[in-house]
Amino acid sequence: WDGSACQACPVNSNGDGGEAESCTCDEKYYAKLAGDTWSCENCPTDSTIIGSVVPHTSGDSDTCASSCASGKYWDGSACQACPVNSNGDGGEAESCTCDEKYYAKLAGDTWSCENCPTDSTIIGSVVPHTSGDSDTCASSCASGKYWDGSACQ
């Protein structure tokens, strides 16, 4: 109902009928406005939405949320596998956490989790790293030893 006449719901949506003023897109379909026309479009792979309404009250198209599996992260457009020696929560997480004593390393466009050198450590290094740079491990020399820049002496 648009205030003067009943309107058909877009494909991939349902309406309550009567004086209902909107239709609800099916699960994994989002409200999209193109010009003056609303539609319910399929969410991209690895993303979902429930309850997207046409016409959307904001007047803008809706967006789907990522739904990555555990061990993956959302890069803004698709789910990516976490590198070896790291863990990811999946869902909408945008990074993976390297295992203890592994640091985030960027080589070209590829992130990895590399083992810290002997006598050094790091906890909580993430890929992709928000700074866009590789992480570094901190020295962890035993009492009575010092770090010379590459190893404990």
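Everything numeric here is computed off the predicted structure, so don't read it as measured data.

Chemist: Can you break down the pairing of strand β4 (residues 37–42) residue by residue, with the values?
Modeler: With 6 bridges connecting them, strand β3 (residues 29–34) and β4 associate as antiparallel partners. Across the sheet, residue L33 finds its bridge partner in β4, namely W38. Between β3 and β4, which follow one another and run antiparallel, lie 2 residues, and G35 among them has a positive phi close to 70 degrees.

Chemist: Could you give an account of the sheet that holds strand β2 (residues 23–25), naming the residues involved and the relevant values?
Modeler: Strand order in the open sheet made by the 3 strands is β1-β2-β6, with antiparallel pairing throughout. One side of each edge strand has no neighbouring strand; the edge strands of this open sheet are β1 (13–15) and β6 (53–54). The pairing of β1 with β2 spans 3 bridges and is classified as antiparallel. When the sheet's bridge partners are listed, N14 is paired in β2 with T24.

Chemist: Report on the state of the cysteines, specifying residues and quantitative values.
Modeler: Going through the model one piece at a time under the given rule, you end up with 7 disulfides. Across a sulfur-sulfur distance of 2.1 Å, C25 and C40 are joined as a disulfide pair. Between C25 and C40 the sulfur-sulfur dihedral comes to about -75 degrees; the bridge is accordingly left-handed. With C25 in strand β2 and C40 in strand β4, this pair connects stretches of sequence that are 15 residues apart. Its relative accessible area of 4% is what places C25 among the buried residues. The buried category is assigned to C40, whose relative accessible area is 5%.

Chemist: Describe the environment of P117, with residues and values.
Modeler: As for its position among the elements, P117 is in the loop between β13 (110–115) and β14 (120–121). Each C-alpha atom of the pair P117 and G90 lies 29 Å from the other, and the pair is 27 residues apart in sequence.

Chemist: Requested: an account of the side chain of S52, with residues and values cited.
Modeler: Positionally, S52 belongs in the loop between β5 (47–48) and β6. With a relative accessible area of 1%, S52 lands in the buried category. Only 2.7 Å separates the side chain of S52 from the backbone nitrogen of A31, close enough to count as a polar contact. There is a polar contact of 2.7 Å between the side chain of S52 and the side chain of D62. When near neighbours in sequence (up to four residues on either side) are disregarded, S52 contacts C23, T24, C25, Y29, Y30, A31 and D62.

Thresholds applied
Residues numbered from 1 in each chain as written. Predicted model: local features only at pLDDT ≥ 70, side-chain atom pairs only at ≥ 80, totals over all residues. Heavy atoms only, no water. Pairing = 2+ DSSP bridges. Helix = DSSP H or I, 4+ residues; strand = E, 2+ residues; numbered from the N terminus. Disulfide = S-S within 2.5 Å. Buried < 20%, exposed > 50% of the residue type's maximum accessible area, 1.4 Å probe, protein only. Polar contact = N/O pair within 3.5 Å; in protein donor to acceptor, adjacent residues only side chain to side chain. Contact = heavy atoms within 4.5 Å.

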